[in-house]
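# Structure assessment
Residues per chain, in single letters:
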Amino acid sequence: MLLNDCITKVKGIGSKRAELFNKLGIFSVADLLRFYPRQNAYIFLEQFVKLANLELGKKNISIVEVVSIQKKQSRYRLKYATLVVKDETGYAEVLLFATQIYRATQLKPGDKVLIIATASNKQGKILLNDAIIKNILDTQLQPGIFPTYSLVSGLSQTIIQKTISTVLKNYSSCVQESLPETILRKFALPDIHTSLNNIHFPANKKMLFNAQKRLIFEELFYIQFAFYNQQKQTNNRQVLSVQDSKLTNILLNKLPFKLTQDQQESWQAIKADLKSGKVMRRLLQGDVGSGKTIIALLTAVLNTQSSGQTVILAPTEVLALQHFNYFRELLAPFNINIELLVGNTKPNKRRQILSDLQNAQIDILIGTHAIFQPDVEFANLSLAIIDEQHRFGVQQRQCLFDKSHNAVHLLSMSATPIPRTLALALYGNLEISTIKTMPANRKPIKTLLYNEQMRHSVYQGAARQVSAGRQVYVVCPLIEESENATHNKNANDVYEELTTKYFSKNDCALLHGRMSSTEKEAIMLGFVNGTIKVLVSTTVIEVGINVPNACLIIIEGAEMFGLAQLHQLRGRVGRGEHQSYCALLINSNSNTDNSMQRLGLMVKYSDGFILAEQDLLLRGAGQLLGMQQHGFDDLLLANIIRDSDLLIAINNYLKQLEQETAFIKEISKLQQNSLINYKLASSLN
C-alpha cells in the first residue's frame, strides 16, 4: 500500500465514484487524507436530544424511529421526500432533497436511525432540515464532534466520512512523521498520526484544536523553511560593495520637486542597505502616486556607480515603456546606458541588447517577463527592482537571482500596502519602507458612483473636461463582447460609441493588451503629449501611467473589479494641479449587496492603506496579493492573517538555527514526508 495509490484501490470506490471524488481534486490516497473537513463547520453535539427538547435554529443529534416515507413533488416540479420520525416524546418531519431522497428509499418504517439536523417549528409542527441520517448499525451511538466536508452531487457526508475512515485505518502505517521531535516538543504539537485522526474525527475539542495547530504549523513552517534555504544560498554569494555616489545628489538637486519626508527616509534606508555589505531584501510600499519610481531610479543609479548592472521588472509593456522613457529623460545628461526588453522587441534589436548585456555595455535593463528567458544573461547583475511585486511569483524572482554569479539586491515595490505578516509569508525575512505622504499640491480625487441610467450625463461631463483642455481615461473590463458577460461594456463598443456620440476619432484612441508594442507606444506617446484627449482602454493602464493633465477616469462595469484594482485605476488621475474625478459606472443587472458594499468603500475612502485592509477582509489575502503565484492556493488549513503570531514565531525560530547544520539537514529530509504542502515547498525551492 502506498500513499500515491489511486483512490480506486480504496474499498467502496469504483470508477464512477472515483470520478466524483476527482471533481473535488481527490485522485490519490494522500489526497483523501488531506481532504480536511471544512474548518468552521464541525458539528459539536455533546448529547442526544429528545424530539420534544430540540433547540430551534441549531443542530441537534437524536435517535429516532422511522414512521413513514413519502416521495413528493412541489408545484414547481421540485422533487423531494418527507420522512416522519418519532421517539417517546413526540414526532417530527424531515425534509430531504437531491441525493438525500435516495437515502430515504433505503429506509423502512420501524428502522432506528441517528439523525443530525437543524430544527424549526412551523405552525406547531417540528421540521428537521439539512439532515444527516445514519443507521444505528453504522455508528457507535455516541455524541461527539462530526466533520462536514465539501461535497459534489452524488457524494454525501456519510460516503466521504466512511471512505476517509477506511483510509485512516488501512493506510496509517504509510504516513511518516514530517517534523523533527525537537520541534514537536518545543511548540507542543501532536504527532502526525494523532493529528490526522483528530482533524477528521476529533475525540474532543482539545484534540481538534491541537490537530489544527499542528497541521497549520507544518504548512507555515515549510513555507518559511523554503525562504530560509533560499536566503542561505544567497548569503553564500559575494555581495557587490556599493559606495556613495555624487551623481545621486546631483540628480536630487536637478529634480523639479523635493522628496517628501517619507521618500527621504526610504532613500536613506535603501542606501544603508546597499552599503552594509549584506544582501538587501526591501519592500518599498506606498499609495498610487506617492513617488516610488524616483526612489527606484536613485537606487539604480547608485548601483551603476559601483559598476553593477540593474534590472527593472514591470508587469506590463505599457508600464515598462513608461519607466524606460522616464529613466531615459532624467538620466540623459549622464553616461548611463538604458535599454528596454519586452516580448515584442524586434529580433535584431533583441540580439543587440543580449550582446550588450553580456558585455557590460548596458547599465540598466527595463523590461517585462521577457527578461526571464534563459538567453538573457548579465555580465554583472547586482540589483533587481520589481514594480508591482505581487504580479510576480517566488520562482520568477529566483530566476532573476540565478542570472548572476554574485548576490543580487532586491527592491520590491507595491502600491498595495502589505501587513508585516503577509510580507513575511510572501518573501520571508525582509525590511519594509512605507511612503504614506503624497507629493505637495495634490488635490484629493472625488469618487462618484453612477448606474447605467446616468451614463449619458457622465460622458457629457467627460466632453466638458476635454473642452476645458483636460484629458480622460475610460476603462472597460473586456476588450470585446463576451458570451459570458453580455451586460458589461467592452472597450471596442465603448470606443465606437464615444467616437460616434461624444468625441471625434482624432480625440479618441483605443488601447488594449492585444496590440503590438509599436501600437501601444504610439498611443501612449499621443496621450502623454496631449494629442489624444480620451483613452479608451482595458486594465493595461492599471499601473504606473503618469499623465498629470488627465483629470477624469470613468470605469465601466466597476462591479467587476476588486478594491485594490479600482484604487490602482483611480490613481491614474489626480497627478496634476487640477481637481480630478473617478466615475464608477455599474451595470444595473449586477447591483448586488457585495458589489455595492465594495464600491461604497471606494467612494468613502481615498487612502490605499485603509482600502487594502478592507479588501483583505472582503476577498482574502490570496486574491488581493496574487498568492496563487506563490503557492498559497495550496494552503489547506493555514490562514496567514489569522495565524500571524504563529508565522512570526516560526520565522524567529528559524533565525536561531543558522549554525545548526545537522538539524537543518534533518528538517530537509523530513520535509519530503509532508502530506500537506510537499508541492508548495517544492515550488518555492
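In case you missed it, the structure is sitting above this.
As the structure is a prediction and not an experimental result, all values here were calculated from the model.

At a minimum axis separation of 11 Å, helix α10 (residues 292–304) and helix α11 (residues 317–330) run at an interaxial angle of 60°. The angle between α10 and α11 places the two elements in the oblique class. Seen from above, α10 lies across α11 with right-handed handedness. In this structure, α10 contributes Thr293, Ile294, Ala296, Leu297 and Ala300 to the contact, and α11 contributes His323, Tyr326, Phe327 and Leu330.

Turning next to the pairing of strand β20 (residues 581–586). Most of β20 sits out of view: 5 of its 6 residues are buried. Examined bridge by bridge, strand β15 (residues 446–451) and β20 share 6 bridges and lie parallel to one another. When the sheet's bridge partners are listed, Leu449 is paired in β20 with Leu584. A crossover connection joins strand β19 (residues 550–555) to the parallel β20 through helix α18 (residues 563–570); in handedness this β-α-β unit is right-handed.

With that settled, consider the packing of helix α9 (residues 261–275) against α10. Two elements in contact, α9 and α10, have axes separated by 10 Å at closest approach and are oriented at 25°. Viewed along their axes, α9 and α10 adopt a mutual orientation that is roughly parallel. In this structure, the crossing between α9 and α10 has a hand that is right-handed. Only Ile294, Ile295, Leu298, Thr299 and Leu302 of α10 make contact with α9, whose side of the interface consists of Gln263, Trp267, Ile270, Lys271 and Leu274. Per-class residue counts for the contact of α9 with α10 are 7 nonpolar, 2 polar and 1 charged.

Further remarks concern the side chain of Ser195. Looking at where Ser195 falls in the secondary structure, it is placed in helix α6 (residues 192–200). Not counting the four nearest positions on each side in its chain, Ser195 is found in contact with Pro190, Ala211, Arg214 and Leu215.

Let us now look at unusual backbone geometry. The backbone of Gln123 sits at a positive phi, close to 55°, despite the residue not being glycine. Counting through the fold element by element, Gln123 comes out in the loop between β5 (112–122) and β6 (125–135). You will see that Ala360, though not glycine, has its phi angle at about 60°, which is positive. With respect to the helices, strands and loops of the structure, Ala360 is situated in the loop between α12 (347–358) and β11 (364–367).

A separate point is the nonpolar core. Buried together is how nonpolar side chains tend to be arranged in soluble globular proteins. With 63 residues, the main nonpolar core has Leu32, Phe217, Leu220, Phe221 and Ile667 as its most contacted residues. The greatest single-element share of this core, amounting to 12 residues, is contributed by helix α7 (residues 205–235). Sequence-distant contacts of Phe217, defined by excluding residues within four places in its chain, comprise Leu179, Ile183, Phe187, Leu189, Leu646 and Ile650. Listed in part, the 52 residues of the second largest apolar core include Phe527, Ala550, Leu563 and Leu601.

The next point concerns the sheet that holds β15. An order of β15-β20-β19-β16-β18-β17 is seen for the 6 strands of this open sheet, with the pairing classed as parallel. Strands with a single pairing partner mark the edges of an open sheet, and in this sheet they are β15 and β17 (508–511). Ignoring strand direction, the axes of neighbouring strands in this sheet form an average angle of 20°. Here β19 pairs with β20 via 4 bridges, running parallel. Within β20, the position partnered with Leu552 by the bridge is Tyr581. Seen against the sheet, helix α15 (residues 455–467) touches β15, β16 (471–475), β18 (534–537), β19 and β20 and runs at an angle of roughly 160° to β19. In the packing of helix α16 (residues 491–501) onto the sheet, the strands contacted are β16, β17 and β18, and the crossing angle to β17 comes to about 175°.

What follows covers the pairing of β11. Alternating positions in β11 separate into two faces, Ile364 and Ile366 on one and Leu365 and Gly367 on the other, with burial throughout. Pairing of strand β10 (residues 338–341) with β11, which is carried by 4 bridges, proceeds in the parallel orientation. Residue pairing across strands places Glu339 opposite Leu365, the latter belonging to β11. Handedness of the crossover joining β10 and β11 through α12: right-handed.

This part covers the packing of aromatic side chains. For the structure shown, the criterion picks out 12 aromatic pairs. A ring pair is formed by Phe35 and Tyr149, whose centres lie 5.8 Å apart and whose planes are at 15°; its orientation type is stacked. Placement of Phe35 in the loop between α2 (29–33) and β1 (43–45) and of Tyr149 in the loop between β7 (144–146) and α4 (157–171) is noted, with a sequence separation of 114 residues between them. Neither residue differs from the other here; Phe35 and Tyr149 are each classed as buried. Centroid distance Phe187 to Phe217: 4.7 Å. Interplanar angle 45°. Geometry classified as tilted. Here Phe187, found in the loop between α5 (181–186) and α6, pairs with Phe217, found in helix α7; they are 30 residues apart in sequence, far enough to count as distant. Residue classification places Phe187 among the buried positions, given a relative accessible area of 14%. The class for Phe217 is buried, based on a relative accessible area of 0%.

Spatial strand order, β2-β3-β4-β6-β5: 5 strands in a closed barrel with mixed pairing. Within the sheet, the average angular offset between the axes of one strand and its neighbour, ignoring direction, is 50°. One ladder, built from 8 bridges, connects strand β2 (residues 59–73) with strand β3 (residues 79–87); its direction is antiparallel. Looking across to β3, one finds that Lys71 is bridged to Ala81.

A word on the pattern of salt bridges. Applying the stated criterion across every chain yields a total of 16 salt bridges. Between Lys108 and Asp111 there is a salt bridge, with its nearest N and O atoms 3.4 Å apart. The exposure class of Asp111 is buried, given its relative accessible area of 14%. Across the pair Glu556 and Arg455 runs a salt bridge whose closest N-O atoms are separated by 2.6 Å. Separated by 101 residues along the polypeptide, Glu556 in the loop between β19 and α18 and Arg455 in helix α15 bring together distant segments of the chain. A single network of salt bridges, built from pairs that share partners, joins Glu177, Arg214 and Glu218.

With that settled, consider helix α8 (residues 246–254). Within the sequence span of α8, burial applies to Leu247, Thr248, Leu251 and Leu252. All buried residues of α8 fall inside an arc of 140° around its axis, so they share one side. Facing away from the buried side of α8, by more than 90 degrees, are the exposed residues Lys246, Asn253 and Lys254. Buried-residue contacts for α8 involve α9, α10 and α11. Measuring from the side-chain oxygen of the N-cap residue of α8 to the backbone nitrogen of Leu247 gives 3.1 Å; that N-cap residue is Ser245.

How each quantity is defined
Residues numbered from 1 in each chain as written. Predicted model: local features only at pLDDT ≥ 70, side-chain atom pairs only at ≥ 80, totals over all residues. Heavy atoms only, no water. Axes fitted to C-alpha atoms, helices over the stretch in contact; angles between N-to-C directions. Helix = DSSP H or I, 4+ residues; strand = E, 2+ residues; numbered from the N terminus. Parallel < 35°, antiparallel > 145°, perpendicular 65-115°, else oblique. Left-handed = near helix turned anticlockwise from the far one by under 90°. Contact = heavy atoms within 4.5 Å. Buried < 20%, exposed > 50% of the residue type's maximum accessible area, 1.4 Å probe, protein only. Pairing = 2+ DSSP bridges. Right-handed = clockwise from strand over helix to strand, strands pointing away. Nonpolar A, V, L, I, M, F, W, Y, C, P; charged D, E, K, R; others polar. Core = buried A, V, L, I, M, F, W, Y, C linked by side-chain atoms within 4.5 Å. Phe/Tyr/Trp six-rings, centres within 6.5 Å; stacked < 30°, edge-to-face > 60°. Salt bridge = Lys/Arg side-chain N within 4 Å of Asp/Glu carboxyl O. Arc of directions from axis to C-beta. Polar contact = N/O pair within 3.5 Å; in protein donor to acceptor, adjacent residues only side chain to side chain.

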